[in-house]
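These are the residues of each chain, in order.
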Amino acid sequence: MIGPLATGVIVLSLLIVLAAIVTAARNRAMGTVLLVALGVLEVGLLVQAGFAVAGMVRGEGPDETATVIGYLAGTLAIPPAAAFLGLAERSRWGAIVIAVGSFAVCVMVGRLLQLWQGAA
């Protein structure tokens, strides 16, 4: 895991949460900006997962390999699912789904960092 990349992913996911809350407060459906932001978030998560898997192959990382793999898989699945559900629900609730999904990614990446550094 790369700390600065994980920090960037966390900040981006929090920005998506903020944008989605503003969109929902304005009573708007999810737009292109949120969709593109979720795509950028997914790319960042894919890069982070690639570095994490490469580190585990080299023997680095925590003892809880199954937990790390579960968190990595979960973080990779959430943005596409949130985008799909956000597009399916063409009301303010679609943006709220994006906010909840992005916040979940933020928390999961933070937990991954804790696991990787052995702090938890």
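Okay, so let's go over this structure. Computed from a predicted model, the values in this text were never measured in an experiment.

## Things to note about helix α4 (residues 92–117)
1) Next: If you check α4, its first and last C-alpha atoms are 38 Å apart, about what 26 residues at 1.5 Å a residue would give, namely 38 Å.
2) Next: Following α4 by one or two positions, Gly118 has its phi on the positive side, about 75°.

## Some thoughts on helix α1 (residues 3–25)
Helical geometry: 3.6 residues make up each α-helical turn, so side chains three or four residues apart lie on a common side.
1) Next: For α1, built from 23 residues, the straight-helix expectation of 33 Å at 1.5 Å per residue is met to within 8% by its first-to-last C-alpha distance of 33 Å.
2) Next: Three or more residues of α1 are buried, namely Ala6, Val9, Ile10, Ser13, Ile16, Val17, Ala20, Thr23 and Ala24.
3) Next: Turning to α1, the residues buried within the fold contact α2 (32–57) and α4.
4) Next: Trailing α1 by a residue or two, Asn27 shows a phi angle of about 60°, which is positive.

## Topic: the side chain of Thr75
1) Next: Along the chain, Thr75 falls in helix α3 (residues 65–88).
2) Next: At a separation of 2.9 Å, a polar atom in the side chain of Thr75 contacts the main-chain carbonyl oxygen of Leu72.
3) Next: Leave out the neighbours within four places in its chain, and Thr75 touches Glu42, Leu45, Val105, Met108, Val109 and Leu112.

## A few points about the packing of α3 against α4
1) Next: Axis separation between α3 and α4 bottoms out at 9 Å; the angle between their running directions is 165°. One way to sum up the angle between α3 and α4 is to call them roughly antiparallel. As for the relative orientation of α3 and α4, their crossing is left-handed in sense. When α3 is examined against α4, the residues Thr67, Val68, Tyr71, Leu72, Gly74, Thr75, Ile78, Pro79, Ala82, Ala83, Leu85 and Gly86 are found in contact with a partner set consisting of Gly94, Val97, Ile98, Gly101, Ala104, Val105, Met108, Val109, Arg111, Leu112, Leu115 and Trp116.
2) Next: Classifying every residue of the contact of α3 with α4 gives 17 nonpolar, six polar and one charged.

## Overview of the pattern of salt bridges
1) Next: Inspection of every chain in the model, using the stated rule, returns one salt bridge.
2) Next: Arg58 serves as the salt-bridge partner of Glu60, at 3.3 Å between the closest nitrogen and oxygen.

## A word on unusual backbone geometry
1) Next: Within the chain, Asn27 stands out as a residue other than glycine whose phi angle is a positive 60°.
2) Next: Its place among the elements puts Asn27 in the loop between α1 and α2.

What counts and what doesn't
- Residues numbered from 1 in each chain as written.
- Predicted model: local features only at pLDDT ≥ 70, side-chain atom pairs only at ≥ 80, totals over all residues.
- Heavy atoms only, no water.
- Helix = DSSP H or I, 4+ residues; strand = E, 2+ residues; numbered from the N terminus.
- Expected span 1.5 Å × (residues − 1).
- Buried < 20%, exposed > 50% of the residue type's maximum accessible area, 1.4 Å probe, protein only.
- Contact = heavy atoms within 4.5 Å.
- Polar contact = N/O pair within 3.5 Å; in protein donor to acceptor, adjacent residues only side chain to side chain.
- Axes fitted to C-alpha atoms, helices over the stretch in contact; angles between N-to-C directions.
- Parallel < 35°, antiparallel > 145°, perpendicular 65-115°, else oblique.
- Left-handed = near helix turned anticlockwise from the far one by under 90°.
- Nonpolar A, V, L, I, M, F, W, Y, C, P; charged D, E, K, R; others polar.
- Salt bridge = Lys/Arg side-chain N within 4 Å of Asp/Glu carboxyl O.

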